[in-house]
Structures are given as C-alpha cells and as structure tokens.
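Descriptive structure summary
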Amino acid sequence: MDDETAEIELLEQNLNKTRQISQRMISILSSFDSRLVKVENSIRPLYQSSQILNRRGNNIESALQKIDEVKSNQEGIAAEEALILRGPQPGKLDAYKDVLERLNTSIAFKSMDRDLGDTARLVETGAKKLTQLYTKLVAEGSSGAPLNGPEFVPSPFPTSTKQSLSPVVSFLRTLPLPPTHPSHPAAPGIQATLKEAQKGYADMRGSWIRKCLENYGRRIVDRAETIDGIASGREIGAWVGNLLTVAEIEYDLLVELVPLPGQTTLTNTYSTLVNPLITLLSSTLSSLGSLIKRSLHKYTFLALSVYGNLSTLQSRWDDLMCKRAGRKENELKDGLHSIRASCLRCFPELLADVRSAALSRGEMGTGLADFSLSTVQFIERIPEVRTAVAAALVTLGDGNWKMGEGVKVVGSKSNDVDEQTVLEHYMFDVVSTLIATLNTLSRMSKRPAYGSIFLLNNISYLHTRLVTQPRSDAPSLLSKPTTDALTSNFRIAKAGYFDTNFSPLMSALQEDKDKSKSATKERFTRFYDLLEEVAERHRVAKVLHDDKDGRETVCEEVVKLVVPSLQRFTQRNTGKEFSKNPQKYIKIPAEEVESLIRSFYKSVFILHRSTAIMLSYFHSDTGIKQTSLSDRTQTNLLAQAGWSR
C-alpha cells in the first residue's frame, strides 16, 4: 500500500509541475497574441497602401503594353499601305497577296484597328495594282512581230508570260465582288476594275490575232488574181479555217486567263475579242467578191471553189463565232450568199456566151474555137468543185439556167431531183448548146470544105476529151443522152468531112454514059485537079492536129475510100489506050496518091514527092509560074504558123 501511495504522490507532483508549465505557456502565448495584435494594427495601414500601389502599377503596365501595341499596329498599317501603293514587285507577289488577304479579313470581321472606309479603299487600290500587272503581262504576250512564213502558223501565248500571269489571275478571281460579298464596301469598285481589265484583254488579244492573220488575208486576195482559181479557193478556205482555229484557241485561253469567268461576262468578252477577226473576214470576202464580179468569166472557178470550201466551214463558224459569242449576225453566211449569187450567174452566162458565138461575123478558121476550148476546160474542172456546183444548180433550179444572159432567175427547187440529176441535165444543155453553135458556124462558112474540117476538129475534140480519152472525172457528170449526142455528132461531122472533101474525087471516078477517050481524059484531069485542091486545103487546114489516133483512123478511112476507087478506074481505062501518053493524065499513080493522102494527116505536113510532081504538071499545064520546092514548103510552113511571106 505504501508503495502505491508513494507512486500516487509522485504522480500528483508531476501533475502539478505540468500544470505550472502549462500556465506559464499560456501566459507566454497570451503575451505573443497581444504583441501580434499590436503588430497587425501597425502593419494594416501599410498593407492597404501597398495594394493601391500594386493596382496602379498593374494599370501602368497594361497602359504601356497597349501603347506599344498601338504603336506597332500603326507602323504595320503604314508598311502595308506603302506596300500596296507601290504595287506588286517582282518575286514578291505572295507578300502582296497576303497583305490584301489580311485587309479583307479585317473588313470581314470588322476589326476596329483601322477605319473601315480607309481599309476598303486600300483593298480597292491593291486590286487596281494587280489588274495593272495583269494588263501589262497580257500586253507583253500580245505584242511583237507575228510569224510571217509561207504557211500560217498560230502564234501561241508565251509560256513564260503565261506562268507569270496564272497566279495573278487565280488571286484576282478570289477578290470580293457584289455577288459573293454584297456587304464588302470595295466590291463594286473591284468588279468595275476587273471588267475594265477583262475588256482590255479582249481588245489586245483581238488586235494581236488580227495582226497575225491580216498579212495572209491580203496575200490570198492578191494571189487570187494570178494563180489558178480552184487552188486560190482552197487557200481561202484554209485561211478561214486557220481563223476559226485561232478563235478556238483564244476561247480556251480566255477561259483560263480572264479574272471574271462567269458565263455572261465570258460571252461578252469573247464577242469583243473576235470582233476584229469578223471585220477582217468581212473585208477579205468583200475584196474577193469585187474581184469575182469584175470578171466573172475569168474567176468562175475561184467563185465556185471559194463557195465550196467556205460552205464546209459554216457549222464551225456558227459554233465559234455566233453561238459562243452570243451573236445573231452571221458574216460568213452573208459572204457566202454574195459569192453564191455570182456562182448562180455563171451557169446561164456560159450558155449565153456559147450561143452568142454563133452570131459572130467573119470567117472562122479550121482549128479549135476558143469557146470550145473554154467550155471543155469548164466541164473538165467541174469535178474539182462538184459539191459547190451541184449545190448552186439545185438552188438555181433544174432548167432555169436556160434563161438569157443577165436575167435574174428566181430559184425553183425541185424536191424530186437530186444533185447528180441536176448536174447531168446542165451538162447535157451545155454540150447540146456547144454542138449547135459549132454546127451553125460550120454551115455559115463560105467554104463548106473548110467548115467541115472546123466542125470535125471541134466535135472530135469534145468527143475525145469528154468521152474516149478524158483527162478528168468529167464523164461522171455526163448522162447517157449526152455521151450519145457527142458520139452521134462526131460520126456526123466525120461523114460531113468525107462528103465535102472527098466525095467530089469519088464523083470524078464514077462511070457515066460517055465512055469516050476525051471523057476519060476529063475525068482523070478533074480527079487530079480536085486532089490538088484537097492537098492545098490540107496544107492550110490541119485535121485533128492534136489527136494522133484520130488522125490515123481518118487517114485509113480516106485511103480505103479513095485509093481502091482510083486503082479500079485506072485499071479499067489503061487497057483502052485512051491516050498515047497516059502519064500526061495519070499524073501520079495510086500508090503515090495513097502516100500523098497519108501526108495530109501527119502532125507536120511534109510536101510529098508525088505532090511536087503533080504541082509541076499542074502549073505547067495552066501556065502558072512554078515555085521552087523549098520556097513552096517554106511558104506553107509559114502559113501554118499564121504568117505570110
């Protein structure tokens, strides 16, 4: 128990000590607390003052930052404005575009960093500077000396210039316009600027392509007066084709390079661009029309060739120059109408010219008539312009070409007559008219024998060139009645030639009731006198001069007609001793007569020995002074060439 009490007392003592320590700690803490209150009361006014200063410091810092920001913005605005006013510089187009994009963004988001009106004016100024660069590049690509070689070659837009122009065009197409940015204050001004630049593009490109084509246009008009009409017509067709090709190329380039690619604007711009080409075509066709009308006879095939070649281009013209350009006028169609009118005139005028040849006064020669040559040439060349001729004849109307010269015919088309039939009908009328004129002139000749040679030469020429030995596709134009008419008239002409030149010879050798020696002598004398006349005639008048096969055929027929009859007549009378000197009357034997006849049909007449002998007899009997053989031959050759001694 004592131990436990002792422990309790000890614990109480320790508890008292702890209590005392706690009291002292409480008093110390109370002292600290009072002191802290005093410190706090002392610091509170200072703390309050420092908060005000901090706020003021923060405000000052914010103000300084704002001032720096405004200052930098002002410097940026000035720099951007200076950049825009200078315009896009070489190699710095992207920087220029970035500035304009920032300005457009500030307008779109209504940034208050700058005045909205000033920003809009600055954007519009930038757009104008870019369009100036655009116009400058287009002008560079549309200047210089065009190619001027013998064949037309399109002058392409320079590749380097196009590469420089493409990014400018791409950016111009992004600028604000009233349809896409109705609230943008600069949109109307930008649209007006771009329209003006686009019109300038059309003017410059139109003038340039006209310049490229103009020299060739003048050249083909000048050449039309000197070269073949059909070839000239092809050149004109090729030139108009090149014009359309250039227009097509320019349309594709226009779609690629104009800043306003809308369909309506594009159509108007393209119309402005092709206007110089249309004017050039109109003036060229007008010059050709005047040339053709000045001498339709000379330029008939020029008119037909031009009409045929340009007609094939009408559909291209309608698409490129009318539909795409939004135009109702059709200058090519108008030009074709004018040329077609000349073509329609040439068909009745040809017939009128051939008919009028029969009214010519004066003795015709025995060679080929000019109108025969020209008519055959006309027919031979028609296949080269067959399409144009057929179209013109159908327009004129089947049979209407028979009207007189200078009479205007209203075309009466027949739905049941095709082009081939109309062509055949016209060819029949041409050939029939030509044959009739030749027959008329032959009958009008004061010397029928020469008239028959004239008719044979001309009809044979027609028959050879159009039927037996054609040099073109002319037979495809002739119907069977036409070829039959040519063949029949050739036979008639040949029969007429035999009749007027050799029938008198045959009549002299025919037996009659008077078989006396004097009558026989008279018949021999008459035969050789007539043979002399035939020989003289054939020295002057060439038969089928350019037709070797035809000459040989006629020669054989004449020999078979005359020589056997002479041989029989000579054999019958030689045994009767009609004269003591038969050689006086039988001036040359039948074999030499044959040689003489064959000499008529040589390409160059050679005076045969038998002819010289016969002439000697003839001149000695009649008392005419003889001419030396060489002089006589020379005289004949000069006469053949159209000269006289």
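Every residue gets a number counted from 1 within its own chain, in the order that chain's sequence is written. Predicted model: local features are reported for residues with pLDDT of at least 70 only, side-chain atom pairs are reported and counted for 80 or more only, and whole-chain, interface and lining totals are derived from all residues. Derived side-chain values reflect all non-hydrogen atoms in the structure, with water molecules and hydrogen atoms excluded from consideration.

A count of helical and extended segments in the protein chain gives 20 helices and zero strands. Each residue's exposure class comes from its accessible area (1.4 Å probe, protein chains only) as a fraction of the maximum for that residue type: buried when under 20%, exposed when over 50%, partly exposed otherwise. Taking all 645 residues of the protein chain together, the buried fraction comes to 42%. Any two residues whose heavy atoms approach within 4.5 Å are treated as being in contact. A separation of at least 24 residues holds for 77% of the contacts in the protein chain among residues at least 6 apart in sequence. In this description, accessible areas are obtained by the Shrake-Rupley approach with a 1.4 Å probe, and a residue is regarded as covered only by the protein chains that are shown. Entry remark: accessible area of the protein chain is about 34700 Å², with carbon and sulfur atoms responsible for 54%. Strands are runs of DSSP state E lasting at least two residues, helices are runs of H or I lasting at least four, and both sets are numbered from the N terminus onward.

This part covers helix α4 (residues 159-172). An α-helix turns once every 3.6 residues. As a result, residues three or four positions apart point the same way. To estimate the expected span of a helix, count its residues, drop one, and scale the result by 1.5 Å. Between its first and last C-alpha, α4 extends 20 Å over 14 residues, near the 20 Å set by a 1.5 Å rise per residue. What is called the bend at a residue is the angle between a pair of axes, fitted to the seven residues leading up to and ending at it and to the seven starting from it. Maximal helix bending in α4 amounts to about 25 degrees, located at L165; proline P167 follows within four positions. Within the sequence span of α4, burial applies to T161, L165, V168, V169, F171 and L172. Packing partners of the buried residues in α4 comprise α2 (93-108), α3 (116-141), α5 (187-224) and α6 (229-257).

Next up on the list: the packing of aromatic side chains. What characterises a pair of aromatic rings is the spacing of the ring centres plus the angle enclosed by the ring planes. Classification of ring pairs rests on two measures: the distance between centres of Phe, Tyr or Trp rings, Trp counted by its six-membered ring, which must be within 6.5 Å, and the angle between planes, read as stacked under 30 degrees, edge-to-face over 60 and tilted in between. The final tally for this structure, using the stated rule, is seven aromatic pairs. Aromatic side chains Y251 and Y270 sit 4.9 Å apart centroid to centroid with 80 degrees between the ring planes, which places their arrangement in the edge-to-face category. Pair noted here: Y251 is in helix α6 and Y270 is in helix α7 (residues 263-294), with a separation of 19 residues, a long-range link. Judged by its relative accessible area of 15%, Y251 falls in the buried class.

Our next topic: the pattern of salt bridges. The term salt bridge refers to a pairing of a side-chain nitrogen on Lys or Arg with a carboxyl oxygen on Asp or Glu at a separation within 4 Å. The full count for this structure, using the stated rule, is 22 salt bridges. Among the ionic pairs, R327 bridges to E331, the shortest N-O distance being 2.6 Å. For the pair R327 and E331, a shared accessibility class is recorded, and that class is buried. The salt bridge partner of E384 is R381, with a shortest N-O separation of 3.2 Å. Each of the salt bridges in this network shares a partner with another, and the network as a whole consists of D228, R234, R381 and E384.

This part is about the environment of L359. Residue placement: L359 occurs in the loop between α10 (331-357) and α11 (370-381). Residue class for L359 comes out exposed when judged on its relative accessible area of 69%.

Attention now moves to the environment of N215. Secondary-structure assignment places N215 in helix α5. With 67 residues separating them along the chain, N215 and N148 place their C-alpha atoms 7.7 Å apart.

The next point concerns the nonpolar core. Formed by 159 residues in total, the largest nonpolar core has its most connected members in Y134, M321, F347, Y426, Y497 and Y601. With residues near it in sequence (within four places) discarded, Y601 still touches Y497, F502, H538, V543, R551, V554, C555 and V558. Nonpolar cores are built from buried Ala, Val, Leu, Ile, Met, Phe, Trp, Tyr and Cys residues. Side-chain atoms within 4.5 Å join them into one set.

Relative to the elements of secondary structure, K97 occurs in helix α2. Here K97 is in contact with P167 and F171, once residues within four sequence places are set aside.

So, about α7. Here α7 contains 32 residues, and its C-alpha end-to-end distance of 45 Å stays within 8% of the 46 Å for a straight helix at 1.5 Å per residue. By the largest-angle criterion, V274 marks the main kink of α7, which is about 35 degrees, and a proline, P276, follows within four residues.

Here the focus is the confidence of the model for the protein chain. Taken residue by residue, the protein chain gives an average pLDDT of 80. The fraction at 70 or more is 82%. The quantity known as pLDDT measures the predictor's confidence residue by residue, on a range of 0 to 100. Below pLDDT 50 for its whole length, residues 405-414 participates in 18 contacts with residues either more than four positions away or in separate chains. Here residues 605-645 scores under 50 on pLDDT; set against residues more than four positions off or in separate chains, the count is 56 contacts.

Note on geometry: axes are C-alpha line fits, over the in-contact stretch for helices, and angles between N-to-C directions span 0 to 180 degrees. Relative orientation of the contacting elements α6 and helix α9 (residues 314-323) amounts to 35 degrees, with a least axis distance of 10 Å. Seen along the crossing, α6 lies across α9 with a hand that is left-handed. Where α6 abuts α9, its residues G241, L243, L244, T245, A247 and E248 lie against R316, W317, L320 and M321. For this scheme, ten residues count as nonpolar: Ala, Val, Leu, Ile, Met, Phe, Trp, Tyr, Cys and Pro. Four count as charged, namely Asp, Glu, Lys and Arg, and the remainder, Gly too, count as polar. When the residues that make up the contact of α6 with α9 are grouped by side-chain class, the tally is six nonpolar, two polar and two charged. In this scheme the crossing of two helices becomes right-handed for a clockwise turn of the near helix relative to the far one and left-handed for an anticlockwise turn of less than a right angle.

Looking now at the side chain of R327. Among the structural elements, R327 can be located in the loop between α9 and α10. For R327, a relative accessible area of 14% corresponds to the buried category. Here M321 takes part through its backbone oxygen, which lies 3.0 Å from a polar atom of the side chain of R327. The contacts of R327, once residues within four sequence positions are left out, are S271, I278, M321 and C322. We define a polar contact as two N or O atoms separated by no more than 3.5 Å, with the added condition that, inside protein, one atom must be a possible hydrogen donor and the other a possible acceptor, whereas residues neighbouring each other in sequence contribute only through side-chain atom pairs.

Moving on: a nonpolar patch on the surface. Think of a patch as exposed residues, more than 30% relative accessible area, with no salt bridge, where like charges cluster within 9 Å and nonpolar side chains (Val, Leu, Ile, Met, Phe, Trp, Tyr) cluster within 5 Å. A contiguous nonpolar surface patch, about 480 Å² in accessible area, is contributed by I21, M25, I28, L29 and F32. Mapped onto the fold, M25 is located in helix α1 (residues 2-86). Since its relative accessible area comes to 45%, M25 is described here as partly exposed.

Our next topic: the packing of helix α12 (residues 386-396) against helix α13 (residues 419-444). Taken N-terminus to C-terminus, the directions of α12 and α13 make an angle of 85 degrees; their axes are 9 Å apart at the nearest point. Looking at the two axes, α12 sits roughly perpendicular to α13. Residues R386, V389, A390, A391, L393 and V394 of α12 form the contact with α13, whose own contacting residues are E419, Q420, V422, L423 and Y426. Of the residues belonging to the contact of α12 with α13, the class tally is eight nonpolar, one polar and two charged. Convention used here: angles under 35 degrees read as roughly parallel, angles over 145 as roughly antiparallel, angles from 65 to 115 as roughly perpendicular, and any remaining angle as oblique.

The next subject is the state of the cysteines. In this description, the term disulfide denotes a pair of cysteine sulfurs within 2.5 Å. Going through the model one piece at a time under the given rule, you end up with zero disulfides. For the unlinked cysteine C343, the closest cysteine sulfur is that of C346, found at 5.8 Å. Taking relative accessible area as the criterion, C343 reaches 1% and is therefore assigned buried.

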